[in-house]
Amino acid sequence: MFTNFPFFPQQASEQAATMDALYFFLVAVTAFFTLLIAVLVTVFAIKFRRRHDTEVGEAIHGSLALELLWTFIPLGICMIMFVWGAQVFFHMTRPPKGAMEIYVVGKQWMWKAQHMDGASEINELHVPVGRPVKLTLGSEDVIHSFFIPDFRAKADVIPGRYNTMWFTASKPGRYHIFCTQYCGTKHSAMIGTVTALEPAAYQAWLGGGAAGGTMAEAGAKLFADLSCNTCHMDTNQGRGPVLKGIYGKQALLASGQSVTVDDAYIRESILNPQAKIVAGFQPIMPTFQGLVTEEQILQLIAYLKSLNGSTATATTGTGTPEVK
């Protein structure tokens with residue numbers, strides 16, 4: 001559907017057809033009512049025009065049937081748009097479990113992608129065909145926006161937070177990456193290419209790209225280099241909470257609230273550790289703002305994710321934070 005439409009990008013992801021169908025439905029509805037209103041205005045202007053200076057128009061008493069008609073028809077159309085749009089939105093914002101994760105950092109004026117096995121690319125992104133891919137996007141400096149037109153996938157990349165997007169490439173090929181948020185004088189040069197490969201070809205490419213170990217291994221080294229392991233000990237005797245098995249769980253805070261231990265919480269805890277203190281621990285952790293880059297934060301997150309092989313226990317004292 002619309003694949004060969006000359007003014008439209010090709011459909012190269014499994015989500016593209018759904019997005020296009022909704023888009024063309026909105027365009028068709030808009031065009032229909034624009035044309036209808038234009039025709040009615042013209043016809044009525046001619047039919048009910050004033051023919052002489054003394055002419056007075058007939059009094060209009062209204063029509064309940066007509067009022068109901070032009071109330072419920074637009075309401076029904078708007079509800080279709082809302083429900084359809086909500087379905088597409090929730091589908092596009094909820095990557096399936098097991099999706100392959102890739103971290104992408106934007107900075108003036110380049111995209112750097114880091115694969116979990118340690119392979120990294122600049123302004124390039126290799127993905128396999130037929131497998132959902134989840135991108136976690138962060139920015140080193142200003143607001144960017146990561147857009148792959150052929151996949152109908154786009155997400156803003158905002159400093160200080162992570163956004164995610166996902167897609168499933170449906171056919172091999174090379175596809176453009178654009179930054180769609182003006183980000184400085186060389187914004188137009190912030191482009192790249194997605195290369196979608198058959199699974200076997202992707203594995204072959206992946207096999208030759210990771211020279212420095214996986215992201216989790218890099219994160220483990222950084223964790224030790226920054227002496228994080230002197231406080232976050234697995235023995236439950238450290239000055240900070242045990243981090244093993246905590247990712248994705250709920251942590252009880254000193255304020256009595258709970259927070260999900262996800263990418264955003266870990267990032268905030270590294271850069272602003274006083275923001276959310278885990279119950280039973282003192283606010284003694286220093287900030288690492290300016291000491292670690294976005295890439296290194298993502299490596300630390302990958303490392304903590306890799307520790308999820310065991311289950312944390314619940315305490316509110318000088319041990320592991322309460323997790324659910």
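Residues numbered from 1 in each chain as written. Predicted model: local features only at pLDDT ≥ 70, side-chain atom pairs only at ≥ 80, totals over all residues. Heavy atoms only, no water.

A. Quick look at the overall build of the protein. Check the secondary structure of the protein and you find six helices and 12 strands. In terms of C-alpha radius of gyration, the protein reaches 27 Å, well past the compact-globule figure of 20 Å for 324 residues. Each principal axis of the C-alpha distribution contributes one length, and for the protein these read about 95 × 50 × 35 Å. Relative to its 324 residues, the protein shows a buried fraction of 39%. Here the analysis covers contacts within the protein between residues at least 6 apart in sequence; of these, 66% occur between residues at least 24 apart. Total accessible area on the protein is roughly 18,000 Å²; 62% of this is exposed by carbon and sulfur atoms. Taken together, the 24 basic and 24 acidic charged side chains of the protein have centroids lying 2 Å from each other. (Helix = DSSP H or I, 4+ residues; strand = E, 2+ residues; numbered from the N terminus. Rg over C-alpha atoms; globule rule 2.2 N^0.38 Å. Buried < 20%, exposed > 50% of the residue type's maximum accessible area, 1.4 Å probe, protein only. Contact = heavy atoms within 4.5 Å. Areas by Shrake-Rupley, 256 points an atom, 1.4 Å probe, with all protein chains shown as cover. Lys, Arg positive; Asp, Glu negative; His and termini not counted. Charge placed at Lys NZ, Arg CZ, Asp CG, Glu CD.)

B. Structural context of the sheet that holds strand 1 (residues 100-107). Taken in spatial order, the five strands make up an open sheet running 3-2-1-5-8, and their pairing is mixed. Of all strands in the sheet, those bounded by a partner on one side alone are strand 3 (120-122) and strand 8 (163-168). Neighbour to neighbour, the strand axes of the sheet diverge by 25° on average, direction disregarded. As paired strands, strand 5 (residues 132-139) and strand 8 are joined by six bridges and run antiparallel to one another. When the bridges of strand 8 are listed, Leu135 appears paired with Met165. (Pairing = 2+ DSSP bridges. Axes fitted to C-alpha atoms, helices over the stretch in contact; angles between N-to-C directions.)

C. Spotlight on the pairing of strand 5. Most of strand 5 sits out of view: seven of its eight residues are buried. As paired strands, strand 1 and strand 5 are joined by seven bridges and run parallel to one another. Considered in strand 5, the bridge of Tyr103 is made with Thr136.

D. Focus on the state of the cysteines. Here the structure, examined in full by the defined rule, presents zero disulfides. The cysteine Cys179 is free of any disulfide, with Cys183 supplying the nearest cysteine sulfur at 3.9 Å. Cys228 supplies the cysteine sulfur nearest to Cys231, a cysteine that is in no disulfide, at a spacing of 8.4 Å. (Disulfide = S-S within 2.5 Å.)

E. Inspection of the packing of aromatic side chains at higher detail. Under the criterion given, the structure shown has 12 aromatic pairs. Aromatic pair Phe223 and Tyr303: ring centres 5.2 Å apart, planes at 50°, arrangement tilted. Of the two residues, Phe223 sits in helix 4 (residues 215-225) while Tyr303 sits in helix 6 (residues 294-306), which places them 80 residues apart along the sequence. Like Phe223, the residue Tyr303 is buried in the burial classification. Joined through ring pairs, the aromatic side chains of Phe8, Tyr23 and Phe24 make up one cluster. It is Arg267 that lies over the ring of Tyr162; its NZ or CZ is 5.7 Å from the centre. (Phe/Tyr/Trp six-rings, centres within 6.5 Å; stacked < 30°, edge-to-face > 60°. Lys NZ or Arg CZ within 6 Å of the ring centre and 35° of its normal.)

F. Structural detail: the confidence of the model for the protein. Confidence along the protein averages 87 in pLDDT terms, with 92% of residues attaining 70 or more. The least confident element of the protein, judged by mean pLDDT, is helix 3 (residues 199-207) at 88; the most confident is strand 6 (residues 144-148) at 96. Low pLDDT, under 50, characterises residues 310-324; the predicted model gives this stretch 50 contacts beyond four residues in sequence or across chains. (pLDDT = per-residue confidence, 0-100.)

G. Geometry of the environment of Leu300. Residue placement: Leu300 occurs in helix 6. On the basis of relative accessibility, which here comes to 5%, the residue Leu300 falls in the buried class. In contact with Leu300, not counting residues within four places along its chain, are Gly219, Leu222, Phe223, Leu226 and Ile270.

H. Representation of a nonpolar patch on the surface in the model. Judged by side-chain polarity, Phe32, Leu35, Leu36, Val39, Leu40, Val43, Phe44 and Phe48 come together as a nonpolar surface patch covering roughly 760 Å² of accessible area. Note on placement: Leu36 falls in helix 1 (residues 16-47). What makes Leu36 partly exposed here is its relative accessible area of 33%. (Patch = residues over 30% accessible without salt bridge, like charges linked within 9 Å, V, L, I, M, F, W, Y side chains within 5 Å. Salt bridge = Lys/Arg side-chain N within 4 Å of Asp/Glu carboxyl O.)

I. Representation of the nonpolar core. Ile102, Leu125, Val127, Leu135, Phe146, Phe151 and Phe167 are the most contacted members of the largest nonpolar core, which totals 32 residues. The contacts of Phe146, once residues within four sequence positions are left out, are Val104, Trp111, Leu125, Leu135, Leu137, Ala153, Lys154, Ala155, Val157, Met165, Ile177 and Phe178. Val105, Leu253, Val292 and Ile301 belong to the second-largest nonpolar core, a separate cluster that totals 30 residues. (Core = buried A, V, L, I, M, F, W, Y, C linked by side-chain atoms within 4.5 Å.)

J. Expanded view of the side chain of Ser139. When you line up the elements, Ser139 lands in strand 5. On the accessibility criterion, Ser139 (3% relative accessible area) is buried. A distance of 3.2 Å separates a polar side-chain atom of Ser139 from the backbone nitrogen of Asp141. In contact with Ser139, not counting residues within four places along its chain, are Gly106, His144, Val157, Ile158, Pro159 and Glu294. (Polar contact = N/O pair within 3.5 Å; in protein donor to acceptor, adjacent residues only side chain to side chain.)

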